[in-house]
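Letter by letter, the chains look like this.
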Amino acid sequence: MGQAGQNEFLGLTSRTKAQAQNVFSKQNGGTEEETRLLHFTYYKMSQFWKPGTEKPQILDDEEGGILFFSAPPSSSSRFGYSSIEKQRQRLPVYKYRNAILYLVETHATSIIVGETGSGKTTQIPQYLNEAGWAEGGRVIACTQPRRLAVQAVASRVAEEMGVKLGEEVGYVIRFEDLTKPGATKIKFLTDGVLLREMMDDPLLTNYSVIMVDEAHERSLSTDILLGLLKKIQRRRPELRIIISSATIEAKTMSSFFNTRRANGKTVEAIEPRKDPAILSVEGRGFNVQIHYLEEPASDYLQAAVSTVLSIHDQSFLDPAPQHCSRLFVLPLYSGLSRADQDLIFSPTPRGKRKVIVSTNIAETSLTLEGIVYVVDSGFSKQRFYNPISDIENLVVAPISKASARQRAGRAGRVRSGKCYRLYTEEYFVNEMSAEGIPEMQRSNLVSCVIQLKALGIDNILGFDWPASPAPEAMIRALEVLYSLGIIDDDAKLTSPIGFQVAEIPLDPMISKMILSGSLLGCLEEVITIAAILSVQSIWVSVRGVQKEMDEVKLRFAAAEGDHVTYLNVYKAFLQSGKSSQWCYKNFINYHAMRKVMETREQLKRITQRLGIALKSCERDTQVLRKAITTGFFANACRLEAFSQAGMYKTIKSSQEVYIHPSSVLFRVNPKWVIYNSIVSTDRHYMRNVIAIDPSWLTEAAPQFYHHQRGEKVAY
DNA sequence: GAGCACTGC
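Source: prediction; values computed, not measured.

**Q** What exactly am I supposed to notice about the overall build of chain A here?
**A** A tally of helices and strands in chain A yields 27 helices and 22 strands. Every one of the 715 residues in chain A was classed for burial, and the buried ones make up 50%. Contacts in chain A between residues at least 24 apart in sequence constitute 71% of all its contacts with a sequence separation of at least 6. Carbon and sulfur atoms make up 52% of the accessible area of chain A, which amounts to about 34,300 Å² in all.

In structure tokens, the structure reads:
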């Protein structure tokens, strides 16, 4: 690499300021930081919370370090309010307004438990703004796990405040920044975006209050964020954190954030209390009557069907023999096209009843108004990660009480409803776990580890998590990152590879592939592949036209494998002038392709910022496959020549795997392949497969394969 | 010759 390249890499290294400033380590002095803190503290004193006339009634539980509130009666209505103002006052959260402001002022962390419909998400940021928390250029942040929620809540709040979205009230999601620095006071964003922001501003100094909403969902990025916020609090005592959760299991969170010293050191008046406050706000749903089975069901599918039919029989006054034809049954899952998803909102044909058979997309992501009956199987498909085999499995597993309540709540949104649980009450009470297993404890952790490393957190195994992940999973993640050359012998990010990988918002194996692609002169191609691999599928999912689809696929098929096939599709799509019509004809998902283009543009910007060269390898697919190999060498498999046709074994752990029938290499069965991911059903199927030469493996990861060869691999 | 958890940067 030339001198210019070196400098660019060095320039990059300082981009990850958290690492450079080492803000989370103990020895850090950081006078600049302290000056800023002083400024904040001084500022805050001058606009101390005005308790107003009514002081909230507080029941102080000193033992647990938790405050319980009983709300004062709601204040009488006054004149001069617009209807939107009246609506705001009718929300259950309104009568806790002063209590919430008092808690936030006096406690570093406040936990607000509120059911759906309490209004906490839209109102609390506004209360904080009204109380002055956004003065002096500071910003109130509110995070959400999902992009759609960010957009929806932000526009609602902008409307309530009578301001233009993107001015005082703004939002940031991937690909979309609708904020105005200096003007935006309330900012909604996904927790993933806030984590990315920490790479540039590790102490999140722009924010006076950070509200983490939907914390009960315990998503991977929410948990990482909470762990980091706890660290930030030590350096920024003036920062306020609000954790908002729908379940009462808030004590776990409370003890996590309780940093009060046991020996009772005198705390200065301006410092908030370190023990979190808990406040509970009631929801505003309608009554939902719960029904249980008397005996456990042996087949939940059968039980679900007969329950639906019996609801239908009971509630139709004229149960004609052909009553099934009166059912209007629709599927709902995320892989459906938008048009098919929108069908569920379509009016029900006259004389018919709509039945929606849904995955748990309907549990949190999508809200259907007007549901009266919910049938809850008691199961959902959940991802579990096995760190030993390094394989993620999708399994049907029992849901938690929290999920069951969430499902039932879907029946009571516009009027009272009923929920039929396909399990016994005894099972619900005694056997169902209160909450689901946090994602952190059932995921592959490579992305999570690299994010922490990028923030300068060296002791990953000792990191204080809201829920500790399995040590095996941590160790596996460290091993993978080490073999990729992303971390060194001391488990620190390598320069430049490690720092660059941390900058790219994708799975580290994909990021490594991109960086190798630039060195090998095929960056144009690898970022296209990276973008395509980041969407669920570029093919449409239509049933009944499989044959035509397969024939069309053959037009793009490349002997090298799926990645090269995707490149052919992308090129043809560009040649068509990015035509949606062309997509339709070729069974390509147009929306997925648009997302691919968006992602590709972002990756292009990032690689430009990293100063790496955007070159094309034209028709040389060998360098391309070598680049893929440098990222995915750990997913190498060899065909078992003398066993069942099409059976492969992974080099890493001798797992039995097969090429997925959707792959262009299905039935082709090259001797050596590399896969992108595995889907597990009755067998482990490799998805997105390319053929490789085994010599590339030792080239890409000499230590990894040197070590493995002696034990398991015989070429 | 398969089977369609869900998010997110």
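Text resumes after the structure shown.
**Q** Mind showing me how you'd approach the protein's contact with DNA strand B here?
**A** With respect to spatial proximity, 30 residues lie near DNA strand B, and among them Arg 147, Ser 334, Lys 381, Pro 505 and Thr 681 are the closest. When the atoms of DNA strand B within 4 Å of the protein are grouped by moiety, sugar and phosphate amount to 61% of the total. A distance of 2.3 Å separates a phosphate oxygen of DNA strand B from a polar backbone atom of Ser 334. Contacts to DNA strand B include Lys 381, whose side-chain N or O atom sits 2.5 Å from a phosphate oxygen. Secondary structure elements with two or more residues in the surface near DNA strand B: helix H8 (191–200), strand E15 (379–386) and helix H21 (546–556). At three residues, the largest contribution of residues to the surface near DNA strand B is made by H8. The class makeup of the residues in the surface near DNA strand B is 11 nonpolar, nine polar and 10 charged.

**Q** Whenever I open this one, the environment of Pro 349 confuses me. Can you help?
**A** Among the structural elements, Pro 349 can be located in the loop between helix H12 (338–342) and strand E13 (353–358). Distance from Pro 349 to Arg 326, taken between C-alpha atoms, is 9.1 Å for residues 23 residues apart in sequence.

**Q** Just checking my understanding: could you explain the pattern of salt bridges for this structure?
**A** Side chains that differ in charge, positive against negative, can pair when their charged atoms come close. Tallied over the full model, the rule gives 25 salt bridges. Through salt bridges with shared partners, one network takes in Glu 85, Arg 88, Arg 97, Glu 130, Arg 156 and Glu 160.

**Q** I keep staring at the sheet that holds strand E3 (residues 109–114) and nothing clicks. Help me out?
**A** Overall, mixed pairing links the eight strands, which are arranged E6-E5-E7-E4-E8-E9-E3-E10 in an open sheet. Looking at the sheet topology across the chains shown, the edges are occupied by strand E6 (176–178) and strand E10 (277–281). The average angle at which neighbouring strand axes cross in this sheet is 20 degrees, direction not considered. Of the pairings in the sheet, the one linking strand E4 (residues 139–144) to strand E7 (residues 186–190) comprises five bridges and is parallel in character.

**Q** Looking at this structure, I do not really get unusual backbone geometry. What am I missing?
**A** Generally, phi is negative for residues other than glycine and the peptide bonds are trans, each holding for most cases. The amide bond that connects Ser 495 to the next residue, Pro 496, takes the cis arrangement and shows omega of 5 degrees. Within the secondary structure, Pro 496 is located in the loop between helix H17 (471–483) and helix H18 (497–503). With a phi close to 55 degrees, Arg 218 is a non-glycine residue in the positive phi region. Assessed through its relative accessible area of 12%, Arg 218 is described here as buried. One non-glycine residue, Ala 491, adopts positive backbone phi at about 60 degrees. For Ala 491, the location among the structural elements is in the loop between H17 and H18.

**Q** Please explain the packing of helix H20 (residues 523–533) against helix H24 (residues 590–610) as it appears in this structure.
**A** How two helices pack is summed up by the angle between their axes together with the distance between the axes. Where H20 contacts H24, the axes come no closer than 8 Å and their chain directions differ by 135 degrees. In terms of their interaxial angle, H20 and H24 are classed as oblique. Our pair here, H20 against H24, has a crossing hand that is right-handed. For the pair H20 and H24, contact is made by Leu 523, Glu 524, Ile 527, Thr 528, Ala 530, Ala 531 and Ile 532 and by Val 596, Thr 599, Arg 600, Leu 603, Lys 604 and Thr 607, respectively.

**Q** Whenever I open this one, the packing of aromatic side chains confuses me. Can you help?
**A** Each pair of aromatic rings is reported with the distance of its centres and the angle of its planes. In the structure shown here, the tally under the stated rule is 13 aromatic pairs. Summarising the aromatic geometry, the rings of Phe 556 and Trp 582 are spaced 5.9 Å apart at their centres and angled 70 degrees between planes, so their arrangement reads as edge-to-face. Of this pair, Phe 556 sits in helix H21 while Trp 582 sits in helix H23 (residues 580–585); the two residues are 26 residues apart in sequence, bridging distant segments of the chain. Residue Phe 556 shares its accessibility class with Trp 582, and that shared class is buried.

**Q** What's the story with the packing of helix H19 (residues 508–520) against helix H25 (residues 621–632) in this structure? I'm lost.
**A** For the pair H19 and H25, the least separation of the axes is 7 Å and the interaxial angle reads 145 degrees. For the element pair H19 and H25, the recorded crossing hand is right-handed. Contacts between H19 and H25 involve Met 509, Ile 510, Lys 512, Met 513, Ser 516, Gly 517 and Leu 520 from the former and Val 623, Lys 626, Ala 627, Ile 628, Thr 630, Gly 631 and Phe 632 from the latter. Residue classes in the contact of H19 with H25 are distributed as eight nonpolar, four polar and two charged.

**Q** I tried to follow the side chain of Thr 621 on my own but got confused; where do I start?
**A** You can see Thr 621 is positioned in helix H25. Every residue in contact with Thr 621, bar those within four places of it in the chain, is listed here: Glu 560 and Val 564.

**Q** How should I be thinking about the confidence of the model for chain A in this particular structure?
**A** The predicted coordinates of low-pLDDT regions are not to be read in fine detail. Chain-level statistics for chain A give a pLDDT mean of 83 and a share of 84% at 70 or above. Of the regions scoring below 50 in pLDDT, residues 262–269 engages in zero contacts with residues more than four places distant in sequence or in other chains. This model gives residues 708–715 a pLDDT under 50, and the stretch forms 15 contacts once residues within four places in sequence are excluded.

**Q** Is there a simple way to explain the sheet that holds strand E22 (residues 684–691) in this structure?
**A** Hydrogen bonds along the backbone pair up the strands of a sheet, which may run parallel or antiparallel. Taken in spatial order, the five strands close into a barrel running E18-E19-E20-E22-E21, and their pairing is mixed. Adjacent strand axes in the sheet meet at a mean angle of 50 degrees when their direction is disregarded. As paired strands, strand E21 (residues 672–680) and E22 are joined by seven bridges and run antiparallel to one another. Residue Val 679 lies in a different strand from E22, and its bridge partner there is Tyr 685.

**Q** When you look at H25 in this model, what are you seeing that I'm missing?
**A** For H25, which comprises 12 residues, the first-to-last C-alpha distance of 16 Å matches the rise-based estimate of 16 Å (1.5 Å per residue) to within 8%. Among the 12 residues in H25, 10 count as buried, and that is most of the element. Thr 621, Val 623, Leu 624, Arg 625, Ala 627, Ile 628, Thr 629, Thr 630, Gly 631 and Phe 632 are the residues of H25 that are buried. A distance of 3.1 Å separates the backbone nitrogen of Gln 622 from a side-chain oxygen at the start of H25, and that oxygen is part of Asp 620.

**Q** Could you clarify how one ought to interpret helix H14 (residues 401–409) in this entry?
**A** Each α-helix winds once per 3.6 residues, and so residues spaced three or four apart point in a common direction. All of the buried residues along H14 are Lys 401, Ala 402, Ser 403, Ala 404, Arg 407 and Ala 408. On its buried face, H14 is in contact with strand E11 (288–293), helix H13 (361–364), strand E14 (373–376), E15, strand E17 (417–424) and helix H15 (425–431).

**Q** I tried to follow a nonpolar patch on the surface on my own but got confused; where do I start?
**A** Nonpolar side chains collect at one region of the surface, where Tyr 300, Leu 301, Phe 379 and Val 396 lie side by side and expose about 350 Å² of accessible area between them. With respect to the element layout, Phe 379 can be found in strand E15.

**Q** How do you make sense of the environment of Ser 208 when you look at a structure like this?
**A** Summarising the element assignment, Ser 208 is placed in strand E8 (residues 207–212). On the basis of relative accessible area, Ser 208 is assigned to the buried category, the value being 2%. Spatially, the C-alpha atom of Ser 208 lies 7.4 Å from that of Glu 238, the residues being 30 residues apart in sequence. A polar contact is formed between the side chain of Ser 208 and the backbone oxygen of Trp 133, at a distance of 2.6 Å.

Criteria and thresholds
- Residues numbered from 1 in each chain as written.
- Chains lettered and ligands numbered in written order.
- Predicted model: local features only at pLDDT ≥ 70, side-chain atom pairs only at ≥ 80, totals over all residues.
- Heavy atoms only, no water.
- Helix = DSSP H or I, 4+ residues; strand = E, 2+ residues; numbered from the N terminus.
- Buried < 20%, exposed > 50% of the residue type's maximum accessible area, 1.4 Å probe, protein only.
- Contact = heavy atoms within 4.5 Å.
- Areas by Shrake-Rupley, 256 points an atom, 1.4 Å probe, with all protein chains shown as cover.
- Near = heavy atom within 4 Å.
- Polar contact = N/O pair within 3.5 Å; in protein donor to acceptor, adjacent residues only side chain to side chain.
- Nonpolar A, V, L, I, M, F, W, Y, C, P; charged D, E, K, R; others polar.
- Salt bridge = Lys/Arg side-chain N within 4 Å of Asp/Glu carboxyl O.
- Pairing = 2+ DSSP bridges.
- Axes fitted to C-alpha atoms, helices over the stretch in contact; angles between N-to-C directions.
- Parallel < 35°, antiparallel > 145°, perpendicular 65-115°, else oblique.
- Left-handed = near helix turned anticlockwise from the far one by under 90°.
- Phe/Tyr/Trp six-rings, centres within 6.5 Å; stacked < 30°, edge-to-face > 60°.
- pLDDT = per-residue confidence, 0-100.
- Expected span 1.5 Å × (residues − 1).
- Patch = residues over 30% accessible without salt bridge, like charges linked within 9 Å, V, L, I, M, F, W, Y side chains within 5 Å.

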